[in-house]
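Here's the letter readout for the chains.
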2 protein chains.
Amino acid sequence: MLVEEMISVHKMGEKAKAASRSLATLGTEAKNAALAAIADELESASATILQENALDIQDGREAGLSEAILDRLLLDEKRLGDLASDVRSVIDLPDPVGVEFESRVLPNGMRLVKRRIPLGVVGVIYEARPNVTIDIASLCLKTSNAVILRGGKETLRSNLALVAAIRKALEKTGIPPDAVQYIGDPDRALVEELLRLDAHVDMIIPRGGAGLHRLCLEKSTIPVITGGMGVCHIFVDDSADLERAEAIVENAKVQRPSVCNALDTLLIHRKVANTFLPPLAKRLHAQGVTFHAEPEALSILEQTGGIACQAAQPGDFDQEWMALILNVRIVDSLDDAIKHIQNHGTAHSDSILTNDWERANTFIDRIDSAAVFVNASTRFSDGGQFGLGAEVAVSTQKLHARGPMGLEELTSYKWIGIGKGHIRN
Amino acid sequence: MLVEEMISVHKMGEKAKAASRSLATLGTEAKNAALAAIADELESASATILQENALDIQDGREAGLSEAILDRLLLDEKRLGDLASDVRSVIDLPDPVGVEFESRVLPNGMRLVKRRIPLGVVGVIYEARPNVTIDIASLCLKTSNAVILRGGKETLRSNLALVAAIRKALEKTGIPPDAVQYIGDPDRALVEELLRLDAHVDMIIPRGGAGLHRLCLEKSTIPVITGGMGVCHIFVDDSADLERAEAIVENAKVQRPSVCNALDTLLIHRKVANTFLPPLAKRLHAQGVTFHAEPEALSILEQTGGIACQAAQPGDFDQEWMALILNVRIVDSLDDAIKHIQNHGTAHSDSILTNDWERANTFIDRIDSAAVFVNASTRFSDGGQFGLGAEVAVSTQKLHARGPMGLEELTSYKWIGIGKGHIRN
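Just so it is clear, the structure is predicted and the values come from calculations on it, not from any experiment.

Caption draft 1: Here's a closer look at the side chain of Gln397(B). Mapped onto the elements of the fold, Gln397(B) is located in the loop between strand S14 (393–395) and strand S15 (403–405). Judged by relative accessible area, Gln397(B) falls into the buried class, the value being 8%. A distance of 3.2 Å separates the side chain of Gln397(B) from the backbone oxygen of Leu399(B), its partner in a polar contact. For Gln397(B), the contacting residues outside a window of four places in its chain are Pro223(A), Val224(B), Ile225(B), Thr226(B) and Arg402(B).

Shown next, in the form of structure tokens:
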């Protein structure tokens, strides 16, 4: 099981590159057959997988992990079944590889086209979530990319069992098992070794906190997709439909507070602050939200009474809460709201609630985030919601892909020029 | 003139970010007016620019730079006029910024679209070529990107004079001059400071040799576009039209040997080696080409007589020659040719000369380069030739852009979601 530990990361890179060349020649049918085999194997290996997961959970409990984290680590019959059906649903997604686009004939008669190709080898470094192992492996396989995985040490046994099942399925369907490799040695130096494998690895996706992203930026010689960190804002303009606004703010903050597209900071136009904030605060308070408010907003909240609130501390407005905490600030104008977002945002997802045509357009124009919404919850920033069928990561950088990344974002392209003896003048 | 030296690179980053926000709100007309003003200013400041350039040339000569390099540094009335008209031709290129694409309506009724936006701030580190200063500044301006430039020290005075002209023109047309800044201090530590400005700079483009690219990969915390290094191959299949093949190989090697898309290695199918190589060798020899050949090819060249040739040394096949040197190797099959390219190529530009349908398609499928050609010279790998209207760089990496990069590749996108009070279930 732990065979991967024995092999140097460099060697894994070479094997991944070789596997990626085989993968690049596979048709969609072969890849789909492998995905089906993986789903089956996850089910037939479920006893082993759940047993290894139980050991991880036991260790985690002994190490004092919180119940919330343990729940994220936990696999059971149902969750494993869901994972298998997630893999099966990737079968139905369109395969972007091989599609040609932007075809043209140059004035000299040469035919030129771009063809979508796999990236090659993807390295993914992630926190302790066994579902990511399956997600990423199946999306990479569908796009003919080899992948080197490195998950959190808290799920090492679960991940090794999952990867063993995947590799067995690959082998059964005639695909090089090195298409999916796992760095099982918990030595952190191996992560840095992976980050420097630019000879073999084409892209690094970190899925975790700010520290992991920073590590990748600092140490990687491979292009890194950064993202996933969202300090998300909603600006409630004085022209907004306040009833709808309440529902949207509630949705953005409460529906799933632990994710990156959840609301962190509410900016309210001064003209509606006294009308809007008190009923909203009551509604959110009832669901366990605590407010971190600037003095003016704080005084409204205190006057409202019975609201869990405190003065916003320096740094609060730069915080991705991932919890039932909401920053509140009252602003004088759209311009103030935009400046606040420019200064404190992470270019993830921001929304304006308004009925003013010009302000809506100004917000769209000037807010430079991966996703900008009008009269909608920031929670829509998501590959599934956007109809991409899958989500590899959410990028907040400008290069390659921005916002939710689906299958197409796991591809590159090559130019193909078809001549008839063409030489350049 | 040297005012930029006084300002820390960090401060330059802040100013560039602020300028980029103004640029993002400019319409195409305003940007075109500024481009016209830059072209005019280059002409009216020509005396100063040429004077500063003369000092650079004088220093370069004293420092013992080769005539070839001095010629690259040199500006004269004619070259400066050409630079001004290059700027004017950027006016005619379509502005990619603001264009919306992939519009859709989600099942829940939300309208979703991607809008092309500027990258923000681009950092460009380049060798001693004053024309790059003008090229990059005008392409960045056209795409509403602010730019921080750092050119080779041999053209410091010329570059500062050019940047002063650009900034004057920007000021005249009401655009923040900090849209174009130049790091004038020759201290190399400032380059590393620039490479770590991820808080303000969105992309780094190195234009120079392998050492510069490596430095950027190692030190940059900002996404880097690597490329420009081309070990380019042509495989002459036994089914090729050999007369055309001669002309194509000659064109790829001789037409402009000092550039990245020039031919470095010729692979010849064994069946046609004896027929094809001798006349080709005579033709190229007459134009000053020296052959570095593997034993079999070497013996053919020696039998041909009168050809400048030598045994290929280890490493020759991994060399980007940039000169009238051509590696030659005889291969047994298409498969051998593909393996050679996979082992020695830099994923830049490779071509197959063939009349065999299946082999042509196999080559296209299996060669993983930015540009793959059939029956054409590798020299076509170029933004101008591909009809992009301009070329910022040639990327050989998989992320963001591949091959020649034009204006569109200087942009990113944001998602815009238009709701009607949408909340997520």
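Caption draft 2: Molecular detail of the packing of helix H11 (residues 242–254) of chain A against helix H12 (residues 270–285) of chain A. All names here are of chain A. The N-to-C vectors of H11 and H12 enclose an angle of 45 degrees; their axes lie 10 Å apart at closest approach. Taken together, the axis directions place H11 and H12 in an arrangement best described as oblique. Judged by the twist between their axes, the crossing of H11 over H12 is right-handed. Across from Leu242, Ala245, Glu246, Ala247, Val249, Glu250 and Val254 in H11, the residues of H12 making contact are Val272, Thr275, Phe276, Pro279, Leu280, Arg283 and Leu284. Tallied by class, the residues present in the contact of H11 with H12 amount to 10 nonpolar, 1 polar and 3 charged.

Caption draft 3: Structural view of the environment of Asp365(B). Here Asp365(B) shows up in helix H15 (residues 357–366). Exposure remark for Asp365(B): the relative accessible area of 46% places this residue in the partly exposed category. Setting aside residues up to four positions removed in sequence, Asp365(B) forms contacts with Arg115(A) and Lys414(A). A polar side-chain atom of Asp365(B) sits 2.7 Å from a polar atom in the side chain of Arg115(A).

Caption draft 4: Here's a closer look at the interface of chain B and chain A. At the interface, 76 residues of chain B touch 76 residues of chain A. With both chains or domains summed, chain B and chain A bury close to 6,200 Å², and 50% of this area falls on carbon and sulfur atoms. Three residues, Leu399(B), Trp415(B) and Arg424(B), lead the burial of chain B against chain A; their summed loss comes to 14% of the area buried on that side. Put simply, chain B and chain A have 10 salt bridges between them. As a salt-bridge pair, Arg424(A) and Asp382(B) come within 4.0 Å of each other at their nearest N and O atoms. Counting across the interface, chain B meets chain A through 44 residue pairs in polar contact (both at pLDDT 80 or more). Mapped onto the side of chain B that touches chain A, the elements with two or more residues apiece are strand S1 (100–105), strand S2 (111–118), helix H10 (210–219), helix H11 (242–254), H15, strand S13 (371–376), S15 and strand S16 (411–422) of chain B. Sort the elements by how many residues they give to the side of chain B that touches chain A and S16(B) lands first, with 11 residues. Classifying every residue of the side of chain B that touches chain A by side-chain character gives 31 nonpolar, 22 polar and 23 charged.

Caption draft 5: Broad picture of empty space enclosed by the protein. This structure, assessed with the given rule, holds 2 cavities of 30 Å³ or more. Quantified by volume, the largest cavity comes out at close to 220 Å³. Sorting the residues of the lining of the largest cavity by element identifies helix H10 (210–219) of chain A together with H10 of chain B as the ones contributing at least two each. Each pocket or cavity is described by its volume, and for the second largest cavity that value is around 40 Å³. Lining of the second largest cavity is provided by Arg150(A), Gly151(A), Gly152(A), Lys153(A), Leu156(A), Ile183(A), Gly184(A) and Pro186(A). Partitioning the lining of the second largest cavity into residue classes produces 3 nonpolar, 3 polar and 2 charged.

Caption draft 6: Representation of the relation of the copies chain B and chain A within the structure. Mapping chain B onto chain A leaves a residual RMSD of 0.1 Å; the transformation is a rotation of 180 degrees accompanied by 0.0 Å of translation along its axis. Expressed as a symmetry operation, the mapping of one chain copy onto the other fits a two-fold axis. Across chain B, the smallest distance between a C-alpha and the rotation axis is recorded for His400(B), namely 1.8 Å.

Caption draft 7: Representation of the pairing of strand S16 (residues 411–422) of chain A in the model. For S16(A), a buried count of 9 out of 12 residues is recorded, marking the element as mostly surrounded by other parts of the structure. The pairing of strand S2 (residues 111–118) of chain A with S16(A) spans 8 bridges and is classified as antiparallel. Across the sheet, residue Val113(A) finds its bridge partner in S16(A), namely Ile416(A). Taken together, the 5 bridges between S16(A) and S13(B) define a ladder with parallel strand orientation. Following the sheet pairing, Trp415(A) is matched in S13(B) by Ala371(B).

Caption draft 8: Structural view of the packing of aromatic side chains. This model, assessed by the stated rule, comprises 8 aromatic pairs over all chains. Between Phe101(A) and Tyr413(A), the aromatic rings sit 6.2 Å apart at their centres with planes inclined by 85 degrees, giving edge-to-face as the arrangement. Here the residue Phe101(A) occupies a position in strand S1 (residues 100–105), and Tyr413(A) occupies one in strand S16, the gap between them amounting to 312 residues. Put simply, the rings of Phe101(A), Tyr413(A), Trp415(A), Phe373(B) and Phe386(B) touch in pairs and so form one group of aromatic residues. We note Lys114(A) situated over the ring of Tyr413(A); from NZ or CZ to the ring centre the distance is 4.7 Å.

Caption draft 9: Focus on the sheet that holds strand S5 (residues 180–182) of chain A. Residue and element names in this part refer to chain A. Taken together, 4 strands build an open sheet; the order of strands is S5-S4-S3-S6 and the sheet is parallel. The strands lining the two open edges of the sheet, one partner per strand, are S5 and strand S6 (203–207). Across the sheet, the mean angle from the axis of one strand to that of its neighbour is 20 degrees, orientation sign disregarded. The sheet contact formed by strand S4 (residues 146–150) and S5 spans 3 bridges and is parallel.

Definitions and cut-offs
Residues numbered from 1 in each chain as written. Chains lettered and ligands numbered in written order. Predicted model: local features only at pLDDT ≥ 70, side-chain atom pairs only at ≥ 80, totals over all residues. Heavy atoms only, no water. Helix = DSSP H or I, 4+ residues; strand = E, 2+ residues; numbered from the N terminus. Buried < 20%, exposed > 50% of the residue type's maximum accessible area, 1.4 Å probe, protein only. Polar contact = N/O pair within 3.5 Å; in protein donor to acceptor, adjacent residues only side chain to side chain. Contact = heavy atoms within 4.5 Å. Axes fitted to C-alpha atoms, helices over the stretch in contact; angles between N-to-C directions. Parallel < 35°, antiparallel > 145°, perpendicular 65-115°, else oblique. Left-handed = near helix turned anticlockwise from the far one by under 90°. Nonpolar A, V, L, I, M, F, W, Y, C, P; charged D, E, K, R; others polar. Buried area = accessible area lost by both parts, 1.4 Å probe. Salt bridge = Lys/Arg side-chain N within 4 Å of Asp/Glu carboxyl O. 1 Å grid on protein atoms, 1.4 Å probe; cavity = no way out; pocket = protein on both sides within 12 Å on 5 of 7 lines; lining within 4 Å. Points joined across faces, edges and corners; volume = space filled by probe spheres on them. Least-squares fit on C-alpha atoms with pLDDT ≥ 70 in both. Pairing = 2+ DSSP bridges. Phe/Tyr/Trp six-rings, centres within 6.5 Å; stacked < 30°, edge-to-face > 60°. Lys NZ or Arg CZ within 6 Å of the ring centre and 35° of its normal.

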